[in-house]
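# Fold and contact review
The primary structure of each chain is shown beneath.
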Amino acid sequence: MTATLIALSPADVAARLKSGRAHLVDIREPDEVAREHIAGAARAPLSTFEGADLSIAPDRDVIFMCRTGRRTGANCDRLAAMVQGEAYVLEGGLDAWKAAGLATEVDRKAPLEMMRQVQIGAGSLILIGAALGVLVHPAFWGLSAFVGAGLLVAGVTGFCGMARVLAVMPWNRTAHA
């Protein structure tokens, strides 16, 4: 049996939150949430979702959200299994919430999400390799091929070497008090 999440518009979610009838659960990863989030949303990243403590009063609606709604849609069985009764989803996710003019908390000092950093790094290296291959020597096309192979391996295995390297860069280190 496939579970479904009942889609709610950003305005409906905002009204339910304001009335205290709902509990919003953000399933994005910590690096995404650190940059921007909806105030008061509980955090239950998909990578550790089954271990999340979703102790929610039975009289409150549980509304799941991600950035665009794709992750919630792709994981509705997992999400719905964590709650008793009906489960809801913020239709269009954080992007739709912002498009509706609703407030978010933004920390511009937080690093960009890791996936965006990988996309920027990989894209830059591929373009540099291609340009140097045309302008300097064809051997530089090997750089583009190497990065492309790394992306292929990341997609097939789930291991991304570039993400591992970027994770230890100074801008991605958390400050310790």
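Now for a quick tour of the structure. Just so it is clear, the model here is predicted, and its values are computed rather than measured. (Residues numbered from 1 in each chain as written. Predicted model: local features only at pLDDT ≥ 70, side-chain atom pairs only at ≥ 80, totals over all residues. Heavy atoms only, no water.)

This part takes up the nonpolar core. Among the nonpolar cores identified, the biggest contains 17 residues, and Leu 5, Val 25, Ile 27, Phe 49, Leu 54, Phe 64 and Leu 79 are the most heavily contacted of them. Top element by residues in this core is helix H4 (residues 76-80). It accounts for three residues. Beyond its immediate sequence surroundings of up to four residues, Val 25 is in contact with Ala 42, Ala 44, Leu 54, Ile 56, Val 62, Ile 63, Phe 64 and Met 65. Formed by 12 residues, the second largest nonpolar core is a distinct cluster that contains Ala 22, Ile 38, Met 65 and Trp 97. (Core = buried A, V, L, I, M, F, W, Y, C linked by side-chain atoms within 4.5 Å. Buried < 20%, exposed > 50% of the residue type's maximum accessible area, 1.4 Å probe, protein only. Helix = DSSP H or I, 4+ residues; strand = E, 2+ residues; numbered from the N terminus. Contact = heavy atoms within 4.5 Å.)

Turning our eyes to something else, we now look at the layout of surface pockets. By volume, the largest pocket is sized at about 290 Å³. Considering the residues around the largest pocket, the lining is formed by Met 114, Met 115, Val 118, Ala 154, Gly 158, Phe 159, Cys 160, Ala 163, Arg 164 and Ala 167. At the level of elements, helix H6 (114-135) and helix H8 (161-167) are the ones that each hand at least two residues to the lining of the largest pocket. Looking at side-chain class alone, the lining of the largest pocket contains eight nonpolar, one polar and one charged residues. (1 Å grid on protein atoms, 1.4 Å probe; cavity = no way out; pocket = protein on both sides within 12 Å on 5 of 7 lines; lining within 4 Å. Points joined across faces, edges and corners; volume = space filled by probe spheres on them. Nonpolar A, V, L, I, M, F, W, Y, C, P; charged D, E, K, R; others polar.)

This next bit is on the side chain of Arg 35. Here Arg 35 shows up in helix H2 (residues 30-35). A distance of 2.4 Å separates a polar atom in the side chain of Arg 35 from the backbone oxygen of Ala 110. Residues within four places of Arg 35 in sequence aside, it is in contact with Glu 105, Val 106, Asp 107, Arg 108, Ala 110, Pro 111, Leu 112 and Glu 113. (Polar contact = N/O pair within 3.5 Å; in protein donor to acceptor, adjacent residues only side chain to side chain.)

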